[in-house]
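Analysis of the macromolecular model
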Amino acid sequence: MNFSLLPKIELHCHLDGSLRPETIIDIAKQEGIRLPSVEIEALERELIAPLNCESLDEYLKRFAIPNLVMQSKENLRRISFELFEDAAQENVKYMEVRFAPLLHTVKGLSVDEIIESVIDGMKDAEAQFDIKGNIILSCMRTMSVESAFEVVEDGKKFLGKGVVAIDLCASEEEGFCGKFVEPIALAREYGYRVTIHAGETGIGKNVLEAVELLGAERIGHGVFIKDCVEAYDVVKEKQVVLEMCPTSNVQTKAVPQYSEHPIYQFHKDGIKVTVNTDNRTVSDTTMANECTVVFNEFNINEEDYQQIYLTSVEACFADGETKEKLKKYIYNGEQ
Ligand SMILES: O=c1[nH]cnc2c1ncn2[C@H]1C[C@H](O)[C@@H](CO)O1
Ligand SMILES: [Zn+2]
C-alpha cells in the first residue's frame, strides 16, 4: 500500500513538535534569536530525538528550541498554517493539532491571542488545501492546577470555533490524574471533549485513572495498558480510543523497538487503535511513514487499514458532517 496516496486522519500531533526547521531558522534570523546552529542539518540534530533517546523526559528537552520562535501572533499563525500544509501535502484529510497555550506567553501574548492565532493559521490552510482541522488545548501537568483552570476558562469561548478538546501532557508521574480532576470536570461541563496523555512511561494505572477520574474518551499512547489488567479491561470495555505514535514510543522507550509495539496485538484483540505522528519534527516522521512502519512490521492488510481509518473517523472530535465526508474518502478510494 502506498500510504502517501491513501487518505489519512491524524488525531495526535503537537504543534511545537512539528515545526519546519527552515521556519525556525527564518524566524530566528528575523528576530535576532540565538539558535545552537543556523545550518539546517546541525539544527535538525538538536530538534530530532534519536531513536536511542533514553526516556520521555529526554525526548521532551527537544521542545525548548521550537518554543523560542512561537511567541508572536504572526509566528503562531504561520507555524500552524505550515503544519496543516505539510499534512495536506501527504493526503491527511483531517487533523487535530494540540499545543499548550501557556508555553507561548513568554513575550506577553495573552492566552486568547495565542489560541486565536493558531486557529487563524488552521483556517488559512483549510481555505487553500483539502484538509480540515480542529484544535486541542493541552495543559502541562508539570504546572499548577490553577494553570489548567486558566487554559480551560480562556479556551471556552473558542469551543465550536476551532477548539474541541482538552488534554494533559508533559512528563508523566504516577497518579497525576487526581490533581487535575476539578479543571477537567469543569472542561467537560463547558463542552470540551477529553483526551489525556497516559500510560506512556510504564504506568498503565494512569490510563485507568484518566478514564475513571477524568472521563477521558481517548488516550494519548496508552502503551502500558499491556501491563495493567484493570486498565486494559476498561479501555476495551468502554472502547476508549488509543492514539498510538509508534516512532515516538520507540524514542521515549515506551517500547524497545518497533517489533515490540503492542498496536497490532491491541487491534486484533478488539481495542480501538489509531496511528499518529505525535511530533513530526521531534520524531522526524510523517503519517505516511508511521503507517508504513506499522504495516510493514506487522504485515497488516488493507482491511485493517480501513478499520483503523474508520476508528479515527469515529473517534475524532469533528462534527457529524465532517465525519460523513471523511468516511467517503476511504469507501471511494478517493485521494
Ligand atoms: O508524547 C508526549 N508525551 C507527553 N508530552 C508530550 C509529548 N509530546 C509532546 N509533549 C509535550 C511537549 C510540548 O511542549 C507540549 C505541548 O505540545 O506537549
Ligand atoms: Zn503527545
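The structure presented is a predicted model; accordingly, all values stated were derived computationally and were not measured.

Cut-offs and rules
- Residues numbered from 1 in each chain as written.
- Chains lettered and ligands numbered in written order.
- Predicted model: local features only at pLDDT ≥ 70, side-chain atom pairs only at ≥ 80, totals over all residues.
- UniProt positions renumbered as here; feature names shortened; annotations may be inferred.
- Helix = DSSP H or I, 4+ residues; strand = E, 2+ residues; numbered from the N terminus.
- Contact = placed C-beta atoms within 7 Å.
- Buried ≥ 20, exposed ≤ 12 C-beta atoms within 10 Å, placed from the backbone.
- Arc of directions from axis to C-beta.
- Core = buried A, V, L, I, M, F, W, Y, C linked by C-beta atoms within 7 Å.
- Near = placed C-beta within 6 Å.
- Nonpolar A, V, L, I, M, F, W, Y, C, P; charged D, E, K, R; others polar.
- Axes fitted to C-alpha atoms, helices over the stretch in contact; angles between N-to-C directions.
- Left-handed = near helix turned anticlockwise from the far one by under 90°.

Before going further, it helps to spend a moment on the UniProt feature "active site" (unreviewed entry) in the protein. Taking the numbering used here, the UniProt-annotated feature "active site" (unreviewed entry) corresponds to Glu200. You can see Glu200 is positioned in the loop between strand S5 (193-198) and helix H9 (205-212). Among residues more than four places away in sequence, those in contact with Glu200 are Leu56, Glu172, His221, Val223, Thr252 and Ala254.

For the rest of this paragraph, the subject is helix H1 (residues 21-31). All of the buried residues along H1 are Pro21, Ile24 and Ile27. Along the axis of H1, the buried residues cluster in a sector spanning 130°; they form a single face. Within H1, the exposed residues directed more than 90 degrees away from the buried face are Glu22, Lys29 and Gln30. Among the structural elements, helix H2 (40-47), helix H4 (64-68) and helix H5 (73-89) are those in contact with the buried residues of H1. Phi turns positive one or two residues past the end of H1, at Gly32, with a value near 65°.

Val118, Ile135, Ile166, Val194, Val207 and Ala210 are the most contacted members of the largest nonpolar core, which totals 99 residues. Beyond its immediate stretch of four places on either side in the chain, Val207 contacts Ala198, Gly199, Ile219, Gly222, Ile225, Ala231 and Val235.

So, about unusual backbone geometry. Phi at Ala170 is positive, roughly 90°, even though this residue is not glycine. The phi torsion at Lys253 lies on the positive side, around 70°, for a residue other than glycine. Inspection of the secondary structure assignment puts Lys253 in the loop between helix H11 (246-251) and helix H12 (263-268). Given 18 C-beta atoms within a 10 Å radius, Lys253 is considered partly exposed.

Summarizing the sequence annotation, UniProt attributes the feature "domain: Adenosine deaminase" (unreviewed entry) to residues 7-331 in the numbering used throughout. The span residues 7-331 is 47% helix and 15% strand, and its two end C-alpha atoms sit 10 Å from each other.

Residues in close proximity to ligand 1 total 18 residues, the closest being His14, Phe63, Ala100, Cys169 and His197. Here the residues of the shell around ligand 1 sort into eight nonpolar, six polar and four charged.

Further remarks concern the packing of H5 against helix H6 (residues 111-128). It is at 7 Å that the axes of H5 and H6 come closest, and there the two elements cross at 35°. The handedness of the crossing between H5 and H6 comes out as right-handed. Touching Lys73, Leu76, Arg77, Arg78, Ile79, Ser80, Phe81, Phe84, Glu85 and Ala88 of H5 are Glu113, Ile114, Ser117, Val118, Asp120, Gly121, Met122, Asp124 and Ala125, all from H6. In terms of residue class, the contact of H5 with H6 is made up of nine nonpolar, three polar and seven charged.

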